[in-house]
Amino acid sequence: MDELRILSPTAILGYGFPKDSFERGLAKEPDLIGVDAGSSDPGPYYLGAGVSFTNRQAVKRDLKLILTAARERDIKVVIGTAGGSGGTPHLQWCTEIVKEIVKEETLHFKVATISAEQEQEDILARFDRGKLSALAPASETTREELIASSRIVAQMGVEPIISALEAGAEVVIAGRAYDPTVFASLPIKEGFPAGLALHMGKIMECASIAADPGSGSDCMFGILREDHFLLEPLHLKRKCTTTSVAAHTLYEKTNPLELHGPGGMIDLSATEFEQHSERVVKVKGSKFIESEEYTLKLEGAKLVGYRTLSIAGTRDPIMIQELDNIIEAVKIAVKDNFEDLKREDYHLLFRVYGRDGVMGELEPQQGIVAHEVGVIIEVVAKTQDLADTICSFARSTMLHYGYPNRVATAGNLAFPYSPSDLKAGEVYEFNLHHLLQVEDPEELFPIDMEIVVPGKSYSV
Amino acid sequence: MGFTYRKRGIMLTEKVNIRELADVIRSKNAGPYELSFDIVFKSFEIYEQVKRSGVFTEELIADLYNVSVDEVISIINYDAAKAIKATIIRPRSAGAVGDGDVYGAQQHAPLLGIEIEI
């Protein structure tokens with residue numbers, strides 16, 4: 001095999017893509033359609049709660065186009081980080097959508113699902129054996145912290161996906177996976193250099209974001225050869241330039257010259273970006289350096305409470321001037337009124353938009369210069385009921401608080417909604433961002449092979 | 001605001017706002033515990049000039065974001081993209097109680113005031 005041709009329809013499964021671009025990609029006869037279905041960017045809630053941040057109908061729309069086109073032309077499909085976070089409920093959610101499409105479109109194929117969610121007991125045992133290490137700037141973890149995790153996933157490397165492909169899978173649905181693996185597994189299986197395959201995957205996982213103008217909802221085509229790869233956006237109004245592709249390598253990374261992943265790192269110190277033709281960039285020189293120990297990244301989230309919030313604004317210049325004092329007074333009033341509660345029972349926050357609502361303590365500008373400000377009163381408490389109670393009390397206290405020099409005695413806050421208080425439910429935090437040393441890159445990722453036909457599936 | 005121009009081989013320097021020198025000035029999470037800033041310059045010439053100016057230091061970033069120098073993880077010049085990248089430790093992990101920007105995509109504004117003598 002001299003070259004491997006890959007189509008990346010969209011940056012995240014469910015973000016959509018134009019049919020025209022997709023068809024232009026199909027005309028180029030891809031060997032693989034790869035799609036990254038997840039990210040930790042939308043925050044810890046989705047991992048913790050076991051739900052996807054993407055919309056079901058939107059995911060189904062994208063998947064239907066991908067699966068029907070791929071089966072017609074015998075193109076392999078690899079989906080990574082299924083369901084947004086790649087845990088077991090996320091994987092099931094995605095698989096269920098695939099089976100719906102199989103039924104509606106009368107498709108049949110061999111599918112591999114690869115789990116990435118980890119048993120707490122197993123991770124604890126590995127922790128006791130000293131196999132976990134913190135990935136800076138996260139701090140070392142503890143047994144208590146691991147036990148507190150609602151869900152733990154490990155980011156798989158290429159190895160489990162290669163095994164699934166070797167076992168004859170035509171469609172691979174992987175749980176949490178290192179993003180580039182979606183694109184790099186098939187080429188590495190076919191003997192292409194890992195450095196180029198993974199670097200190409202790193203760029204292609206964001207589809208046309210690396211083009212100019214960039215878009216996460218449009219398709220990118222990649223051709224991998226022995227000593228280079230080519231990238232071409234599939235919408236004619238976009239082009240890849242050496243700057244757009246090189247700049248993309250910076251994105252969401254600390255050091256763009258060393259991209260660490262399962263089992264090693266992509267070394268970009270000798271990478272060259274070359275304008276191959278007007279819309280196509282050629283990349284060469286990227287290398288993969290295997291690490292001595294094979295490590296996998298673990299991600300975990302824990303439940304920290306339940307949230308209720310109230311959104312309001314003020315347009316009163318006297319109130320705005322007194323705002324810091326008013327907030328302090330409301331906090332004290334809450335504390336006095338619920339004196340039986342301990343400090344750790346609830347967090348009461350006032351987010352002031354127009355002051356530092358966006359940047360918090362990183363905000364260098366002092367004071368408020370706006371003529372109006374937005375205030376979010378937010379409570380995270382150990383129960384939803386308590387969050388409701390504290391939020392309600394803080395809101396009514398702030399609404400009627402008699403601050404010095406007040407002239408507007410009817411109420412201090414403008415509420416855009418009735419009810420004014422909104423229950424936001426469970427609140428999670430990331431609590432695991434650690435490396436786990438393993439003997440076998442596949443030991444944490446069981447593969448389930450099935451033949452799916454409309455309305456049925458057979459284990460194989 | 002200002003500009004640099006050449007006249008009879010003499011380079012006159014002035015302070016120029018970074019917005020005139022860069023196409024991209026952005027922030028984004030680099031994982032849930034780090035916040036990374038990218039500045040992609042308009043040309044390789046400008047990028048080299050900015051690099052030579054030595055303006056981008058850990059102290060500058062620490063100062064702009066009210067953090068200690070220890071919390072600045074790195075400043076990296078990335079020649080291939082004519083870009084400078086700075087990364088700091090997030091005050092709290094993405095989406096933790098009290099975080100105001102889960103994606104970290106709106107933390108770039110203090111960079112827009114940087115003036116560079118070139």
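Remember, predicted model here, so these are calculated numbers, not experimental data.

With that settled, the discussion passes to the overall build of chain B. A tally of helices and strands in chain B yields two helices and eight strands. In chain B, the succession of α and β elements from N to C terminus is β-β-β-β-β-α-α-β-β-β. In chain B, which comprises 118 residues, the share counted as buried stands at 51%. Taking the intrachain contacts of chain B between residues at least 6 apart in sequence as the baseline, contacts between residues at least 24 apart amount to 56%. Accessible area of chain B: about 5,400 Å², with a carbon and sulfur share of 50%.

All names here are of chain A. Within the element layout of this structure, Asn431 appears in strand S18 (residues 421-438). Asn431 gets classed as buried once you look at its relative accessible area, which sits at 8%. In terms of polar contacts, Asn431 uses its side chain to reach the backbone carbonyl oxygen of Glu145, at 3.0 Å. Side-chain polar atoms of Asn431 contact the side chain of Ser149, separated by 3.1 Å.

Residues and elements named next belong to chain A. Spatially, eleven strands are ordered S12-S13-S9-S8-S1-S2-S3-S7-S4-S19-S20 in an open sheet, and the strand pairing comes out mixed. Looking at strand neighbours, the two that pair on one side only are strand S12 (272-277) and strand S20 (456-459), the edges of this open sheet. Recorded for the sheet is a direction-independent mean angle of 25 degrees between the axes of neighbouring strands. Summarising the sheet, S12 and strand S13 (residues 280-284) pair through five bridges and their orientation is antiparallel. By the bridge assignment, Phe273 is partnered in S13 with Val283.

Residues and elements named next belong to chain B. Here chain B averages 90 in pLDDT, while 89% of its residues score no lower than 70. Per-element mean pLDDT across chain B ranges from 42 in strand S1 (residues 5-7) up to 97 in helix H2 (residues 58-64). Below a pLDDT of 50 lies the segment residues 1-9, which in the model reaches 19 contacts outside its immediate sequence neighbourhood of four places, other chains included. Our summary of model confidence lists the complex with pTM equal to 0.93 and ipTM equal to 0.91.

All names here are of chain A. The strand order across the open sheet formed by three strands is S10-S11-S14, and the pairing between neighbours is antiparallel. The outermost strands of the open sheet, each flanked by one partner alone, are strand S10 (258-261) and strand S14 (287-290). Neighbour to neighbour, the strand axes of the sheet diverge by 25 degrees on average, direction disregarded. Sheet topology note: the S10/strand S11 (residues 264-267) ladder contains four bridges and is antiparallel. Its bridge partner lying in S11, Glu258 is registered against Asp267. Relative to the sheet, helix H9 (residues 194-204) contacts S10, S11 and S14, its axis offset from that of S14 by approximately 110 degrees.

Moving on, we get to the packing of helix H8 (residues 181-189) of chain A against H9 of chain A. Residue and element names in this part refer to chain A. Their axes nearest at 7 Å, the elements H8 and H9 cross at an angle of 155 degrees. Of the possible angle classes, the one that applies to H8 and H9 is roughly antiparallel. Crossing hand, H8 versus H9: right-handed. Residues Phe183, Ala184, Pro187 and Ile188 of H8 lie in contact with H9, whose contacting residues are Ala194, Ala197, Leu198, Gly201 and Met204. Considered class by class, the residues forming the contact of H8 with H9 number eight nonpolar, one polar and no charged.

All names here are of chain A. Enumeration according to the criterion identifies 40 salt bridges over all chains in this entry. For Lys382, the salt bridge is made with Asp345, and the minimal N-O distance between the two is 3.4 Å. Of the two residues, Lys382 is situated in the loop between strand S17 (373-381) and helix H12 (384-400) and Asp345 in the loop between helix H11 (317-337) and strand S16 (346-353); the sequence distance between them amounts to 37 residues. We classify Asp345 as buried; its relative accessible area is 8%. Across the pair Glu378 and Arg351 runs a salt bridge, and its minimum N-O distance is 2.7 Å. Taken together, the residues Glu378 in strand S17 and Arg351 in strand S16 connect sequence positions 27 residues apart. With respect to class, Glu378 is no different from Arg351; both count as buried. In the salt-bridge network here, residues are joined through shared partners; they are Arg56, Lys60, Lys64, Glu96, Glu100, Glu104 and Glu105.

Opposite the 39 residues of chain A that make contact, chain B presents 44 residues. Interface area lost by chain A to chain B is led by Leu250, Thr254 and Leu362 of chain A, which between them contribute 20%. Inspection of the region where chain A meets chain B yields two salt bridges. A salt bridge links Asp41 of chain A to Lys28 of chain B; the nearest nitrogen and oxygen atoms lie 2.5 Å apart. When residues of the side of chain A that touches chain B are traced back to their parent elements, those giving at least two are helix H10 (242-250), S16 and S18 of chain A. For the side of chain A that touches chain B, a count of residues per class yields 23 nonpolar, nine polar and seven charged.

What follows concerns H9 of chain A. The element H9 of chain A is largely enclosed, with a buried count of ten among its eleven residues. Buried within H9 of chain A are the following residues: Gly195, Leu196, Ala197, Leu198, His199, Met200, Gly201, Lys202, Ile203 and Met204 of chain A.

So, on to helix H7 (residues 158-166) of chain A. Residue and element names in this part refer to chain A. Of all the residues in H7, the buried ones are Val158, Pro160, Ile161, Ile162, Ala164 and Leu165. Looking at the packing, one finds that the buried side of H7 touches strand S3 (76-80), strand S4 (109-114), strand S7 (171-174), H8, H9 and strand S19 (447-453). Gly168, located one to two residues past H7, shows a positive phi value of around 100 degrees.

To continue, consider a nonpolar patch on the surface. All names here are of chain A. On the surface, Ile451, Tyr458 and Val460 cluster together into a nonpolar patch covering about 270 Å² of accessible area. Looking at the secondary structure, you find Tyr458 in strand S20. A relative accessible area of 43% means that Tyr458 is categorised as partly exposed.

Definitions and cut-offs
Residues numbered from 1 in each chain as written. Chains lettered and ligands numbered in written order. Predicted model: local features only at pLDDT ≥ 70, side-chain atom pairs only at ≥ 80, totals over all residues. Heavy atoms only, no water. Helix = DSSP H or I, 4+ residues; strand = E, 2+ residues; numbered from the N terminus. Buried < 20%, exposed > 50% of the residue type's maximum accessible area, 1.4 Å probe, protein only. Contact = heavy atoms within 4.5 Å. Areas by Shrake-Rupley, 256 points an atom, 1.4 Å probe, with all protein chains shown as cover. Polar contact = N/O pair within 3.5 Å; in protein donor to acceptor, adjacent residues only side chain to side chain. Pairing = 2+ DSSP bridges. Axes fitted to C-alpha atoms, helices over the stretch in contact; angles between N-to-C directions. pLDDT = per-residue confidence, 0-100. Parallel < 35°, antiparallel > 145°, perpendicular 65-115°, else oblique. Left-handed = near helix turned anticlockwise from the far one by under 90°. Nonpolar A, V, L, I, M, F, W, Y, C, P; charged D, E, K, R; others polar. Salt bridge = Lys/Arg side-chain N within 4 Å of Asp/Glu carboxyl O. Buried area = accessible area lost by both parts, 1.4 Å probe. Patch = residues over 30% accessible without salt bridge, like charges linked within 9 Å, V, L, I, M, F, W, Y side chains within 5 Å.

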